[in-house]
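# Secondary and tertiary structure notes
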Amino acid sequence: MQKALLLFFIFISFHSYGQTSFTLADFYTNNPALDKKVNEVFNNLDEEAQIAQMIIGSAGELGKPEAVVKKLVQENKIGGLIFLKGEKSTHTAFVKELNEIAQQNKQLPLLYSIDAEPSLLRTRIKGSQPVPETIDIQTVEACDSVTKIINQELHDIGIQHNYAPVIDISPNNAAIKKRSFGDKETTLALSKTFIETSQANQIVATAKHFPGHGLVQGDTHKQSVYIDGEMQELSMYPPMIDAGVLTIMVAHITVQNNPLYNTDGLPSTCSRKIVTDLLKDQLGFQGLVITDALNMMKAISVVKDGPLLASKAGCDLLLMPIDEIGTLNAIKNEIKKDEAYKKQVHESVKKILRLKICLGMI
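Residues numbered from 1 in each chain as written. Predicted model: local features only at pLDDT ≥ 70, side-chain atom pairs only at ≥ 80, totals over all residues. Heavy atoms only, no water.

## Remarks on the layout of surface pockets
- Here the second largest pocket is characterised by a volume of approximately 330 Å³.
- Considering the residues around the second largest pocket, the lining is formed by 17 residues, among which K280, Q344, E347, S348 and K351 are closest to the centre.
- Of all the secondary-structure elements, those providing two or more residues to the lining of the second largest pocket are α2 (32-43), α10 (272-282) and α13 (339-358).
- Across the lining of the second largest pocket, the residue classes break down as 3 nonpolar, 5 polar and 9 charged. (1 Å grid on protein atoms, 1.4 Å probe; cavity = no way out; pocket = protein on both sides within 12 Å on 5 of 7 lines; lining within 4 Å. Points joined across faces, edges and corners; volume = space filled by probe spheres on them. Helix = DSSP H or I, 4+ residues; strand = E, 2+ residues; numbered from the N terminus. Nonpolar A, V, L, I, M, F, W, Y, C, P; charged D, E, K, R; others polar.)

## Comments concerning the nonpolar core
- The biggest cluster of nonpolar side chains holds 110 residues, and the ones touching the most others in it are F83, L98, F210, I248 and L355.
- Per-element accounting of this core gives the leading share, 8 residues, to α13.
- Ignoring sequence-local partners within four residues, the contact set of L355 consists of L24, F27, L111, V204, L246 and L288. (Core = buried A, V, L, I, M, F, W, Y, C linked by side-chain atoms within 4.5 Å. Buried < 20%, exposed > 50% of the residue type's maximum accessible area, 1.4 Å probe, protein only. Contact = heavy atoms within 4.5 Å.)

## Comments concerning unusual backbone geometry
- With omega at 15°, the peptide bond leading from A164 into P165 counts as cis.
- Between F210 and P211 the backbone carries a cis peptide bond, its omega angle lying at 5°.
- The topology assignment puts P211 in the loop between β5 (206-210) and β6 (225-228).
- Located in the positive-phi region is K106, a residue other than glycine, with phi close to 55°.
- What makes K106 exposed here is its relative accessible area of 77%.
- The residue N257 is not glycine, and still its phi comes out positive at about 55°.
- Within the element layout of this structure, N257 appears in the loop between β8 (253-256) and α10.

## Some points on the environment of R272
- Here R272 lies in helix α10.
- Separated by 39 residues in the primary sequence, R272 and S311 have C-alpha atoms spaced 9.2 Å apart.
- At 2.8 Å, the side chain of R272 forms a polar contact with the backbone oxygen of K312.
- Within polar-contact distance, the side chain of R272 engages the side chain of Q344 at 3.0 Å. (Polar contact = N/O pair within 3.5 Å; in protein donor to acceptor, adjacent residues only side chain to side chain.)

## A word on the sheet that holds strand β10 (residues 318-319)
- Taken in spatial order, the 5 strands line up as β4-β3-β2-β1-β10 in an open sheet, and their pairing is parallel. Across the chains shown, the open sheet's two edge strands, defined by having one partner strand only, are β4 (161-162) and β10.
- In this structure, strand β3 (residues 111-114) lies alongside β4, joined through 2 bridges in parallel fashion. Across the sheet, residue I114 finds its bridge partner in β4, namely N162. (Pairing = 2+ DSSP bridges.)

## With respect to α10
- Taken residue by residue, α10 has I274, V275, T276, L278, L279 and K280 as its buried positions.
- Looking at the buried side of α10, the elements it contacts are β5, β7 (247-250), β8, β9 (288-291), α11 (306-313) and α13.
- The positive-phi residue at the C-terminal boundary of α10 is G284, with phi of around 75°.

## Section: the sheet that holds β5
- Taking strand neighbours across the sheet as the criterion, the 3 strands line up as β5-β7-β9 in an open arrangement whose pairing is parallel. A strand with exactly one partner marks an edge of an open sheet, and here the two such strands are β5 and β9. On average, adjacent strands in this sheet sit at an angle of 25° to one another, irrespective of strand direction.
- One ladder, built from 4 bridges, connects β7 with β9; its direction is parallel. Looking at β9, one finds that M249 is bridged to I290. (Axes fitted to C-alpha atoms, helices over the stretch in contact; angles between N-to-C directions.)

## Points about the packing of helix α12 (residues 324-337) against α13
- Two elements in contact, α12 and α13, have axes separated by 6 Å at closest approach and are oriented at 130°. Taken together, the axes of α12 and α13 lie oblique to each other. Note on packing geometry: the crossing formed by α12 with α13 is left-handed. Here I331, E334, I335 and K337 of α12 lie close against α13, whose contacting residues are E339, Y341, K342 and V345.
- Across the contact of α12 with α13, the residue classes tally to 4 nonpolar, no polar and 4 charged. (Parallel < 35°, antiparallel > 145°, perpendicular 65-115°, else oblique. Left-handed = near helix turned anticlockwise from the far one by under 90°.)

Encoded structure:
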């Protein structure tokens, strides 16, 4: 009888007060307990701490110096960090050190990310298990196996967010090369597997590079790149959204000669037509939109107020702005003048907090 009563009270307590823990499978659900948790965390942050959640700094051999990163964390100016080229042991030790800094300062945990595509894994995480190039993965079974290896490498380090898979369909572009799964049908099937296997294992996946970087000429790391007319790779994204992908990365690609979606000379990252009207409204994506790296020369870094424009376009996460503190201050100043933008920023921040809660970080 006592055991039955105890189970009854546990049942009543759970359903009265809601879940206390969540997973990535909860992110898109209608969940009052999760909504309540998000609002509680949001309301406990001051304005700067809220905006900082949107900013992703950089670490590793090609990132900002360790002293600079530590200062940004100590001052609560960033919400996450991408690890670039480096040794697995070095990444792991730095994650541990930064976690201790955040904890000591009673700050929210950082969201750690990396470009752990199969083709980039060996350089992003030196000392990781070998996996084939993306283009050499041919079956769903092989993709599932490779994704599980990558997931384990990220868990070992303490990284929660993978900027993969690449769903660009051509291996012939200068920036993509062997980072593509190949043709459209193969890419659709294997990308879906990569996303589902990652997120079932509590690693956030990212479909990239919206609206399509495979069938264009040029490399956005080095120059302005154009989609002239029709966006031929747009059909790749609805299946990824249906598969539950949690983040989509927008490329710094300029769209021209497209009556509906001309970006007026700006990269797609800074175009509200592309980020909000197309990706969020037309395609119905409700996850997090992240920019490609905002320090890319020619393609974005020369755009005046590029990170602010990207945020105003609808991007939720701002990856690698050259000046993290300047970006935070620009957003802070803009929301004082624009109530609609302030509401949009709050929505972005709440999505980021929701993701962190579903990752078990908060």
